[in-house]
Amino acid sequence: MAVVVAAAIGVSCASERPTPTPQDVCATESCATEDGAPEVKHVERVFVCGYSFGAAVGCSAVAGCGADQYQELTDAIAGVAAISYPCGWLSWFLLGGHNKHVRELGFLDRDRILFTIGTADQWASARQVRNLAATIPPATTEGNAAATGNGVRVEAVEGADHFFFGDEERVV
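First, a word on scope: everything that follows refers to the structure included in this document. For clarity, every value in this text was computed on a predicted model and none was experimentally measured.

Focus on the overall build of the protein
Right, so step 1: Regarding its fold elements, the protein presents 7 helices and 7 strands.
Right, so step 2: Counting from the amino terminus, helix and strand elements in the protein follow one another as β-α-β-β-β-α-α-β-α-α-β-α-β-α.
Right, so step 3: Taken across its 172 residues, the protein has 41% of its residues classed as buried.
Right, so step 4: Taking all contacts inside the protein whose residues are at least 6 apart in sequence as the whole, residues at least 24 apart take part in 74%.
Right, so step 5: In the structure as shown, the protein presents an accessible area of about 9,400 Å², 55% of it carried by carbon and sulfur atoms.

Pasting the structure below:
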């Protein structure tokens with residue numbers, strides 16, 4: 001069984017599509033062949049992890065996998081980890097309404113969604129991330145309901161800033 005970890009970082013590129021499609025993130029695993037062309041293999045499970053703006057991009061891509069026409073991709077999503085998700089007022093002002101995609105993650109079981117935030121984050125507070133996580137509607141199956149009341153896990157790393165300088169081990 002092939003498992004892919006798709007990592008999104010806070011880097012954007014000029015494109016006609018501002019957000020990756022579900023096929024971009026969910027459907028392929030590539031490795032170079034002798035002529036340099038990607039060889040696509042069958043993928044059964046995908047775990048998406050994003051940091052900062054990459055967390056917003058990753059959540060957006062996974063949210064797109066929840067559409068009915070992408071059911072086979074929905075089944076492949078093993079989980080989502082959003083590290084330092086930028087959901088404060090400044091990030092809303094600079095990045096726009098990217099938080100709406102988080103609310104579209106309701107098709108996933110609650111125990112498959114994790115947010116990690118530092119308590120000294122410059123772009124969002126732990127309270128803001130908890131409030132955002134609480135907006136995800138319940139899935140059809142029960143998950144772990146410990147952290148936000150709806151089962152989405154939010155881990156606040158005490159004293160860590162947005163970049164987790166010196167706290168990398170605690171994030172892992």
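After that view, the rundown keeps rolling.
Quick word on the side chain of Arg 112
Right, so step 1: One can find Arg 112 in the loop between α5 (100-103) and β6 (113-118).
Right, so step 2: A distance of 3.4 Å separates a polar atom in the side chain of Arg 112 from the backbone oxygen of Ala 78.
Right, so step 3: Beyond its immediate chain neighbours, meaning those up to four positions away, Arg 112 contacts Thr 74, Ile 77, Ala 78, Gly 79 and Val 80.

Points about helix α2 (residues 53-64)
Right, so step 1: For α2, which comprises 12 residues, the first-to-last C-alpha distance of 17 Å matches the rise-based estimate of 16 Å (1.5 Å per residue) to within 8%.
Right, so step 2: Looking at α2, one finds that the buried residues are Gly 54, Ala 55, Ala 56, Val 57, Gly 58, Cys 59, Ser 60, Ala 61, Val 62 and Ala 63.

A short note on the pairing of strand β5 (residues 77-83)
Right, so step 1: Counting buried positions along β5 yields 6 of 7 residues, so the element is predominantly enclosed.
Right, so step 2: As paired elements, strand β4 (residues 45-51) and β5 share 6 bridges and run parallel to each other. Pairing of Val 46 across the sheet is with Ile 77, part of β5.
Right, so step 3: The pairing of β5 with β6 spans 4 bridges and is parallel. Bridged to Val 80 within β6 is Ile 113.

Conventions used here
- Residues numbered from 1 in each chain as written.
- Predicted model: local features only at pLDDT ≥ 70, side-chain atom pairs only at ≥ 80, totals over all residues.
- Heavy atoms only, no water.
- Helix = DSSP H or I, 4+ residues; strand = E, 2+ residues; numbered from the N terminus.
- Buried < 20%, exposed > 50% of the residue type's maximum accessible area, 1.4 Å probe, protein only.
- Contact = heavy atoms within 4.5 Å.
- Areas by Shrake-Rupley, 256 points an atom, 1.4 Å probe, with all protein chains shown as cover.
- Polar contact = N/O pair within 3.5 Å; in protein donor to acceptor, adjacent residues only side chain to side chain.
- Expected span 1.5 Å × (residues − 1).
- Pairing = 2+ DSSP bridges.

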